[in-house]
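Descriptive analysis of the structure
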Amino acid sequence: MRRPAQSVLAGLALLATSVLCTPAFAAPKADLMFINGKVITVDDKDTVATGVAVVGNKIAAVGDVKAWRGPQTKVIDLKGRALLPGFIDSHSHVAGMANVEAHYINIQVPPLKDGAAVIARLKEVAAKLPPGAWLTGQGTYNQVMPTRAELDAAFPDNPVDLQWSVHDHLINHKAATVMGMGKAFPDPAAGATGRYERTAEGEVAIIRDAPAPWPKNKSPAFNPAELKEALRYILGDFYLKRGVTTVSDMSDMDSYRAYAELEAEGRLPTRVRMNYMLRGLKSVPGVNTATDPSVSPLASLRAAGITPGKGDDWLRAGAIKYIADGVWGTTAAVYKPVWNGAGTTWTPNNYGGTGMTQEEMTAAVIEAAKDGWQVQIHANGDRAQDMVLTAYEAAQKAYPRPDPRYRIEHFGHFLVQDPERTEARLKRMKDDHVIPSPQPAFLWRLTDVNVKEPDVKFFPMKTLIDRGFHPAGGVDTVGTQNFATYPMFSIARAVNRDTKYGTVTQPEEAISVMDGIRMFTAWAAYANFMEKTQGSIEVGKLADFVVLAQDPLTAPKAKLADIPVDMTVLDGKVAYQR
């Protein structure tokens, strides 16, 4: 007769105790051991231990691990250094980063001084290119750019595209001419996310979250072999070497095929969660998105046999991502007009816009819920966030699930102090168990003008945490802040509340270093359905670790982002060592 499950478990526990404590049995031996360290486990009790033993690719013991040492055990003496769970980045765009690093001109201010320095940098590159070549510069949010007149004077024969981010492009006259974006070029539809800002003559000068007829020869394209190596470079140099062992990516199917090849070759630098960026259907006459699979946003995934969670610990299908609106200050969908100074330029009475109506967004989320997908939606503006919550609530009624873990990407970048709406929104999120997924690294970009915006809380991490939310940490760079992929950079910003201009903004929203660590470990694991295998140093979980040269819990807060990564351990093996 089979014994009850509890008896079996008790017997196994007794046997394990006997194995560890009785001389008649030899204790199992570790393949890898860490000793004499400060092991910040990030478990539910905030345990800090001194050692860890690893057997194969799993954690076998935490604490006093002397008994696990054998003749073949690789022993690493931490000598007081900190050992943390491998960092998890919850929101990345690896393919976009790879394209920018390989093909774009870095024009970020700082380190460049001003618009004149940007032009000098562009001229330096143009001198090495054929006449009339496109010049594509990558800057970062809110930075100083040359004026349109300065660009036109400096580059009468080269089309120029200068990006603050993937959302915002400044183009010169030559680029507008090449693309036919003159006075007659039509504006986006009323209520849409994007818009064009024009010269006095009506020619498009700035493109914000709006379509443009970019030519195919604007910048080189990767062939499949180049793409694979470019992705490998980004995952290795920008993530693995910075202690990140899992990247929750939002790239494209070509990139995901490249990841599969890298995994098969044993060359995938980090674990990857593959998330699929889809567009909801826009005003397709006679089509019901809930019943017509031939035009469903999920049709391509269904045809490829991709289902939620499909894969292994190295490469796994994750969530569906939709985009509701744009970015704060220019194209985010808000209730009150954008403040004068919130963005790189100002358009009066600008309420932003959305890429989908409420009905379209709700139908898209319901369609994903029908197949069991987690959904995460980009929504920077308060009006867009309320739309997302309405869609999530409708999906739960249509296809109820106990634990869908719906997310709002960028929620918490700005909380508008419109008390009634803000409180209602936070309550809905809490009641619906919606996870905020903010990127505190972007505090770095706020200018001395931005921080004066009234009635706004910038990246209010403490408010969210005090209300019981567990924000998932990510960096969300598509070239804008590739230097910031080290999670300690984001943690430093959330702790110190400082910008690149030296301003400290709303210090009352500063969080503890430990909560910052949780954002990129335990809370990130939960937000990505990985908490059973990752996010903390506990027996049975995957042996993914980062060794920091200093203890982040006691290091000077001003120096958090400067703590070197001494080692990254992935799947029980040392994958990087400084």
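Residues numbered from 1 in each chain as written. Predicted model: local features only at pLDDT ≥ 70, side-chain atom pairs only at ≥ 80, totals over all residues. Heavy atoms only, no water.

Now for the packing of aromatic side chains. This structure, assessed with the given rule, holds 14 aromatic pairs. Here the aromatic rings of Tyr276 and Trp373 are separated by 5.9 Å at their centres, their planes lie at 70°, and the arrangement is edge-to-face. Remark: Trp373 occurs in the loop between α9 (358-370) and β18 (374-378) and Tyr276 occurs in strand β16 (residues 271-277); sequence separation between them is 97 residues. For the pair Tyr276 and Trp373, a shared accessibility class is recorded, and that class is buried. (Phe/Tyr/Trp six-rings, centres within 6.5 Å; stacked < 30°, edge-to-face > 60°. Helix = DSSP H or I, 4+ residues; strand = E, 2+ residues; numbered from the N terminus. Buried < 20%, exposed > 50% of the residue type's maximum accessible area, 1.4 Å probe, protein only.)

Our focus in this paragraph is the pairing of β18. In terms of burial, β18 is a largely internal element, 5 of the 5 residues being buried. In this structure, strand β17 (residues 315-323) lies alongside β18, joined through 5 bridges in parallel fashion. Considered in β18, the bridge of Tyr322 is made with Ile377. Note: β18 against strand β19 (residues 407-409), 3 bridges, orientation parallel. Looking at β19, one finds that Ile377 is bridged to Ile408. In this fold, β18 hands off to helix α10 (residues 382-398), which returns the chain to β19; that crossover is right-handed. (Pairing = 2+ DSSP bridges. Right-handed = clockwise from strand over helix to strand, strands pointing away.)

Helical periodicity: at 3.6 residues per turn, an α-helix aligns residues three or four positions apart in one direction. Given a rise of 1.5 Å per residue, 17 residues ought to cover 24 Å, and the 25 Å separating the end C-alpha atoms of α10 matches this to within 8%. For α10, the set of buried residues is Asp382, Ala384, Gln385, Asp386, Met387, Val388, Leu389, Ala391, Tyr392 and Ala395. Of the surrounding secondary structure, the elements contacted by the buried residues of α10 are α9, β18, β19, β20 (414-416) and α11 (419-432). (Expected span 1.5 Å × (residues − 1). Contact = heavy atoms within 4.5 Å.)

The next thing to look at is the packing of helix α2 (residues 94-103) against helix α6 (residues 224-239). It is the contact of α2 with α6, at a shortest axis distance of 9 Å, that shows an interaxial angle of 95°. As the angle between them shows, α2 and α6 are arranged roughly perpendicular. In this structure, α2 contributes Val94, Ala95, Met97, Ala98 and Glu101 to the contact, and α6 contributes Ala230, Leu231, Tyr233, Ile234, Leu235, Phe238 and Tyr239. When grouped by side-chain class, the residues that make up the contact of α2 with α6 number 11 nonpolar, no polar and 1 charged. (Axes fitted to C-alpha atoms, helices over the stretch in contact; angles between N-to-C directions. Parallel < 35°, antiparallel > 145°, perpendicular 65-115°, else oblique. Nonpolar A, V, L, I, M, F, W, Y, C, P; charged D, E, K, R; others polar.)

Estimated volume of the second largest pocket: approximately 530 Å³. Among the secondary structure elements, those contributing two or more residues to the lining of the second largest pocket are β21 (435-437) and α15 (522-527). No other element matches α15, which puts 4 residues into the lining of the second largest pocket. Considering only residue class, the lining of the second largest pocket consists of 9 nonpolar, 6 polar and 10 charged. (1 Å grid on protein atoms, 1.4 Å probe; cavity = no way out; pocket = protein on both sides within 12 Å on 5 of 7 lines; lining within 4 Å. Points joined across faces, edges and corners; volume = space filled by probe spheres on them.)

What follows covers the nonpolar core. The nonpolar side chains of a soluble globular protein tend to be buried, and buried together. In this structure, Tyr239 and Tyr322 are the most contacted members of the largest nonpolar core, which totals 106 residues. One finds Leu122, Met145, Leu151 and Ala205 within the second-largest nonpolar core, a separate group that totals 18 residues. (Core = buried A, V, L, I, M, F, W, Y, C linked by side-chain atoms within 4.5 Å.)

All right, on to the sheet that holds strand β6 (residues 74-77) then. Across the sheet, which stays open at both edges, the 4 strands sit in the order β5-β4-β1-β6 with mixed pairing between neighbours. Every interior strand has two partners, whereas the edge strands, β5 (58-62) and β6, have only one. Between one strand axis and the next, the sheet turns by 20° as a mean value, whatever way the strands run. Across 3 bridges, strand β1 (residues 32-35) lies against strand β4 (residues 52-55) in antiparallel orientation. In the sheet register, Phe34 faces β4, and the bridge partner there is Val52.

The subject of this paragraph is the pattern of salt bridges. Counted by the stated rule, this structure contains 40 salt bridges. Where Glu229 meets Arg232, a salt bridge forms, and the shortest distance between an N and an O atom there is 3.9 Å. Separated by 3 residues within a single helix, Glu229 and Arg232 lie in helix α6, roughly one turn from each other. Connected through salt bridges with shared partners, the residues Lys228, Glu229, Arg232, Glu261, Glu265 and Arg267 form a single ionic network. (Salt bridge = Lys/Arg side-chain N within 4 Å of Asp/Glu carboxyl O.)

In a regular helix each residue adds 1.5 Å, so 12 residues correspond to 16 Å; helix α3 (residues 115-126) covers 16 Å between its end C-alpha atoms and thus fits that length. When α3 is considered as a whole, its buried residues turn out to be Gly115, Val118, Ile119, Leu122, Val125 and Ala126. Down the axis, α3 shows its buried residues gathered within 125° of arc, on one side only. Considering only its buried residues, α3 is in contact with β9 (105-106), β10 (135-138), α4 (148-154) and β11 (160-165). Here α3 starts with a cap whose side-chain oxygen sits 3.2 Å from the backbone nitrogen of Ala116, and that cap is Asp114. (Arc of directions from axis to C-beta. Polar contact = N/O pair within 3.5 Å; in protein donor to acceptor, adjacent residues only side chain to side chain.)

Moving on: unusual backbone geometry. The bulk of non-glycine residues show a negative phi, and the bulk of peptide bonds are trans. Residue Pro110 is bonded to the preceding Val109 through a cis peptide linkage, with omega at -15°. Along the chain, Pro110 turns up in the loop between β9 and α3. Residues Pro110 and Pro111 are joined by a peptide bond in cis, for which omega reads 15°. Along the chain, Pro111 turns up in the loop between β9 and α3. The backbone phi angle of Phe459 is positive, close to 45°, even though this residue is not glycine.

To continue, consider the environment of Arg383. Inspection of the secondary structure puts Arg383 in helix α10. On the accessibility criterion, Arg383 (24% relative accessible area) is partly exposed.

For the rest of this paragraph, the subject is the side chain of Arg208. For Arg208, the location among the structural elements is in strand β14 (residues 204-208). Side chain to side chain, Arg208 and Asp168 meet in a polar contact 2.7 Å long. The residues touching Arg208, leaving out its near neighbours within four places in the chain, are His167, Asp168, Gly194, Arg195, Glu197, Thr330, Thr331, Thr344 and Thr345.

We now examine the pairing of β11. Within β11, 6 of the 6 residues are buried, leaving the element largely enclosed by the surrounding structure. Chirality of the crossover, the property in question, places the unit of β10, α4 and β11 among those that are right-handed. Relative to strand β12 (residues 168-171), β11 is paired through 4 bridges, and the arrangement is antiparallel. Within the sheet, the bridge partner assigned to Asp161 lies in β12 and is Ile171. Count of turn residues in the β11/β12 antiparallel hairpin: 2 residues.

To continue, consider the sheet that holds strand β24 (residues 565-570). Across the sheet, which stays open at both edges, the 6 strands sit in the order β3-β2-β7-β23-β24-β25 with mixed pairing between neighbours. Taken across any chain shown, the strands that pair with only one partner, and hence form the sheet edges, are β3 (48-49) and β25 (573-577). Sheet topology note: the strand β2 (residues 38-40)/β3 ladder contains 2 bridges and is antiparallel. Bridging from a neighbouring strand, Ile40 pairs with Val48 of β3.

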